[in-house]
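Coordinates in review
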Amino acid sequence: MLTQQQIDFYHENGYLHIPNVFNDGEIEAMRDDLNWMIDTWASRGIGWTGPWRKEIMDEATEGKSELIAMHDLHYYAASWMRGVTKPNLCEAMADLLGREQVALHHSTMHVKPCETGQPFPMHQDWAFYKHDDDRFVDVLVHLDDTCHENGEIRFLPGSHKQGALPHITQFADGTPCTPHLPQDVWRLADSVAVPARKGDVVCFNIFTIHGSYVNRTHDMRRMVRVGYRHPENRQTSGQSCDRPNLMVWGRRRRVQGAELFSTETSASAEAEHAVKL
């Protein structure tokens, strides 16, 4: 799927723009279902918290900033199950992860509403789903064209080579906040913009430092992050930890101590279900 030049660029810079992964019909179906999920399932709120908000937003924007989000779109719409398992996309992930095995870890909606759609401070996605190594690729599926005005993705090239970095997880008073890096050290202004067209994907290493600016346009900026990993890259905490992952390329090798996935509901899941009932 990918050329050696593309693979080398990814490993050197920590990100890669792959154009035209999805055709117009696929994008239309995925956009239609995403819009339905926004109205039916997604949450709206201030999004990420932390002192960084006042560092990269003026007071008026910060007070109105909003994020629309939800996890695992492929559990809610068939178009997204087809999208996250699309053969050419999964083969591209195999090219970046070593051609052996690729597992789907998650999908997450990131929609920036018009005019004050939330920016993202500089961070590594590792802080949200920690793994032992960097055999994890995040993919941004673009449902709209992106540019500076609507908050395209931005990277610090080569930053993945530093490995996992400590993130700020508290305000000065000790109150928890969303993980992010010190903005005076890792500056959004120093990042490289990677605008893309709808149907394109932009992928990056779990350790690559990235962020984005506010959406100041009159339209939503619709994007979905899909995480793919080598199934033997052990997750230690965070989103989707200890959950079975779908194999989308190759076979799951049986390593020492590996057992079949359980078909039983865990006690904690049963208790949560009882509470909801």
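In this report, the structure presented in the accompanying data block is examined. Since the structure is predicted, the reported quantities are computational estimates derived from the model, not experimental observations.

Some words on the nonpolar core
L34, W80, M93, M109, V139, V141 and Y228 are the most contacted members of the largest nonpolar core, which has 40 residues in total. The leading source of residues in this core is helix α6 (residues 87-97), at seven residues. Residues contacting L34, with those up to four places away along its chain left out, are L73, W80, M109, V111, L143, R222 and V224.

As for the sheet that holds strand β11 (residues 192-193)
Spatially, β5-β13-β8-β11 is the arrangement adopted by the four strands of the open sheet, whose pairing is antiparallel. A strand with exactly one partner marks an edge of an open sheet, and here the two such strands are β5 (120-123) and β11. Note: strand β8 (residues 154-155) against strand β13 (residues 210-212), two bridges, orientation antiparallel. Each bridged residue has a counterpart across the sheet, and for F155 the counterpart in β13 is H210.

Notes on the layout of surface pockets
Volume-wise, the largest pocket comes out at about 600 Å³. Lining the largest pocket are 20 residues, and of these P231, R252, A258, E259 and F261 lie nearest its centre. Grouping the constituent residues of the lining of the largest pocket by class yields seven nonpolar, four polar and nine charged. In this structure, the second largest pocket occupies an estimated 340 Å³ of space.

Regarding a nonpolar patch on the surface
The grouping of W36, W41, Y75 and Y76 at the surface amounts to a nonpolar patch, some 470 Å² of accessible area in total. You can see Y75 is positioned in the loop between β3 (67-71) and α5 (78-84).

A closer look at the side chain of S191
Examined against the element boundaries, S191 turns out to sit in the loop between β10 (176-180) and β11. A polar atom in the side chain of S191 sits 2.9 Å from the side chain of R154. Only 2.5 Å separates the side chain of S191 from the backbone oxygen of L188, close enough to count as a polar contact. Ignoring any residue separated from it by four or fewer positions in sequence, one finds S191 in contact with M122, R154, F155 and L156.

Quick word on the side chain of R225
Examined against the element boundaries, R225 turns out to sit in strand β14 (residues 221-229). Owing to a relative accessible area of 8%, R225 belongs among the buried residues under this scheme. Within the structure, R225 has its side chain in polar contact with the side chain of H110 (distance 2.8 Å). At 3.4 Å, the side chain of R225 and the side chain of Q239 are in polar contact.

Considering helix α2 (residues 24-40)
Given a rise of 1.5 Å per residue, 17 residues ought to cover 24 Å, and the 24 Å separating the end C-alpha atoms of α2 matches this to within 8%. The set of residues buried in α2 consists of I27, M30, R31, L34, M37 and I38. Viewed along the axis of α2, the buried residues span an arc of 125°, placing them on a single side of the element. Along α2, the residues that are exposed and aim more than 90 degrees away from the buried face are G25, D32 and D39. Close packing links the buried residues of α2 with β2 (43-45), β3, α5, β4 (102-112), β7 (136-142) and β14. At the N-terminal end of α2, a side-chain oxygen is found 3.1 Å from the backbone nitrogen of G25, two or three residues along, and the residue is N23.

Rules behind the numbers
- Residues numbered from 1 in each chain as written.
- Predicted model: local features only at pLDDT ≥ 70, side-chain atom pairs only at ≥ 80, totals over all residues.
- Heavy atoms only, no water.
- Core = buried A, V, L, I, M, F, W, Y, C linked by side-chain atoms within 4.5 Å.
- Buried < 20%, exposed > 50% of the residue type's maximum accessible area, 1.4 Å probe, protein only.
- Helix = DSSP H or I, 4+ residues; strand = E, 2+ residues; numbered from the N terminus.
- Contact = heavy atoms within 4.5 Å.
- Pairing = 2+ DSSP bridges.
- 1 Å grid on protein atoms, 1.4 Å probe; cavity = no way out; pocket = protein on both sides within 12 Å on 5 of 7 lines; lining within 4 Å.
- Points joined across faces, edges and corners; volume = space filled by probe spheres on them.
- Nonpolar A, V, L, I, M, F, W, Y, C, P; charged D, E, K, R; others polar.
- Patch = residues over 30% accessible without salt bridge, like charges linked within 9 Å, V, L, I, M, F, W, Y side chains within 5 Å.
- Areas by Shrake-Rupley, 256 points an atom, 1.4 Å probe, with all protein chains shown as cover.
- Salt bridge = Lys/Arg side-chain N within 4 Å of Asp/Glu carboxyl O.
- Polar contact = N/O pair within 3.5 Å; in protein donor to acceptor, adjacent residues only side chain to side chain.
- Expected span 1.5 Å × (residues − 1).
- Arc of directions from axis to C-beta.

Fair warning: the whole summary comes from geometry, so function is off the table for now.
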